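Letter by letter, the chains look like this.
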Amino acid sequence: MNPTMKRLQSSTRANGRGSKGVALAVAALAGVVTIGSTAAAANGITIEKPWLRFIIKGRPAGGYFTLRNDTDRTIELTGASSIGCGMVMLHQSKNEGGVDKMLPVKTVTVPAHGTLNFRPGSYHLMCMHPQSTVAVGGAVPIALKFADGKTISADFPVKGPGG
Ligand SMILES: [Cu+2]
């Protein structure tokens, strides 16, 4: 075996080990952030049963989920973002004087060891400009941002108007 070939072989082995290490790291990371496709959790905060209600192309789509706080402190959701939505807003649906309205909210808090349902008729995310990649049967990753600077991402399966 000439020296060049020997170098090539050892570098191939090194690469093999390297990519295996990366794959394991990615798998470990995915394990922390995503549990199946129905919940995402980090540091005691869980996004359960996320879904996006896609009604018609070109119209905003509502994002729904349950936010569970298993920590000993109040958590404060301050915003969300998604490349699939152009822009994501925090909204609250309210009935005022017999009229259904959606109002933008700056923050949504969940008390220690509490849960909050983001659902039709209440708090929800508004996917303002669903991109062409958003389609029923697919999923859109959305990142929730918290007051402490942390973010948690979850894949929101896209469903039709009936959920
Ligand atoms: Cu809305």
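See the structure printed just above.
In this text the structure is predicted, and so the values were computed from the model without any measurement.

The rules behind each value
- Residues numbered from 1 in each chain as written.
- Predicted model: local features only at pLDDT ≥ 70, side-chain atom pairs only at ≥ 80, totals over all residues.
- Heavy atoms only, no water.
- Disulfide = S-S within 2.5 Å.
- Helix = DSSP H or I, 4+ residues; strand = E, 2+ residues; numbered from the N terminus.
- Buried < 20%, exposed > 50% of the residue type's maximum accessible area, 1.4 Å probe, protein only.
- Core = buried A, V, L, I, M, F, W, Y, C linked by side-chain atoms within 4.5 Å.
- Contact = heavy atoms within 4.5 Å.
- Salt bridge = Lys/Arg side-chain N within 4 Å of Asp/Glu carboxyl O.
- Pairing = 2+ DSSP bridges.

Caption draft 1: Just the state of the cysteines, in detail. Inspection of every chain in the model, using the stated rule, returns one disulfide. Between the sulfur atoms of Cys-85 and its disulfide partner Cys-127 the distance amounts to 2.1 Å. Across the S-S bond linking Cys-85 and Cys-127, the dihedral sits near -100 degrees, which makes this disulfide left-handed. In this pair, Cys-85 is assigned in the loop between β5 (75–81) and β6 (88–96) and Cys-127 in strand β10 (residues 123–127), connecting sequence segments 42 residues apart. For Cys-127, a relative accessible area of 1% corresponds to the buried category.

Caption draft 2: Spatial organisation of the nonpolar core. In terms of nonpolar packing, the biggest core is built from 28 residues, with Leu-52, Phe-65, Leu-67, Leu-125, Ile-142, Leu-144 and Phe-146 touching the most fellow members. Phe-65 has contacts with Ile-47, Glu-48, Lys-49, Pro-50, Leu-116, Asn-117, Phe-118, Leu-125, Leu-144 and Phe-156, leaving out every residue within four places of it along the chain.

Caption draft 3: Region of interest: the pattern of salt bridges. The tally for this structure, following the rule as stated, stands at four salt bridges. With a closest N to O distance of 2.4 Å, Glu-48 and Arg-68 form a salt bridge. Taken together, the residues Glu-48 in strand β3 (residues 45–53) and Arg-68 in strand β4 (residues 61–69) connect sequence positions 20 residues apart. Looking at Arg-68, the relative accessible area reads 29%, which means it is partly exposed. Three or more residues are tied together by salt bridges with common partners; here these are Glu-48, Arg-68 and Asp-70.

Caption draft 4: Molecular detail of the pairing of β4. Of all nine residues in β4, eight are buried, a share of seventy percent or more. Across seven bridges, β3 lies against β4 in antiparallel orientation. If you follow Trp-51 over to β4, its bridge partner there is Tyr-64. Note that β4 and β10 share three bridges and pair antiparallel. Paired with Gly-62 across the strands is Met-126, a residue of β10. Looking at chain direction, β4 and strand β9 (residues 115–118) are connected through four bridges and run antiparallel. Directly across from Leu-67, in β9, lies its bridge partner Leu-116.

Caption draft 5: Up close: the pairing of β3. Where strand β2 (residues 39–42) and β3 come together, four bridges link them in antiparallel fashion. Its bridge partner being in β3, Ala-41 is matched across the sheet by Thr-46. Counted along the chain from β2 to the antiparallel partner β3, the turn is two residues long, and its residue Asn-43 has a positive phi close to 50 degrees. With two bridges joining them, β3 and strand β12 (residues 151–159) adopt parallel strand pairing. Among the inter-strand pairings, Arg-53 is bridged to a residue of β12, identified as Lys-159.

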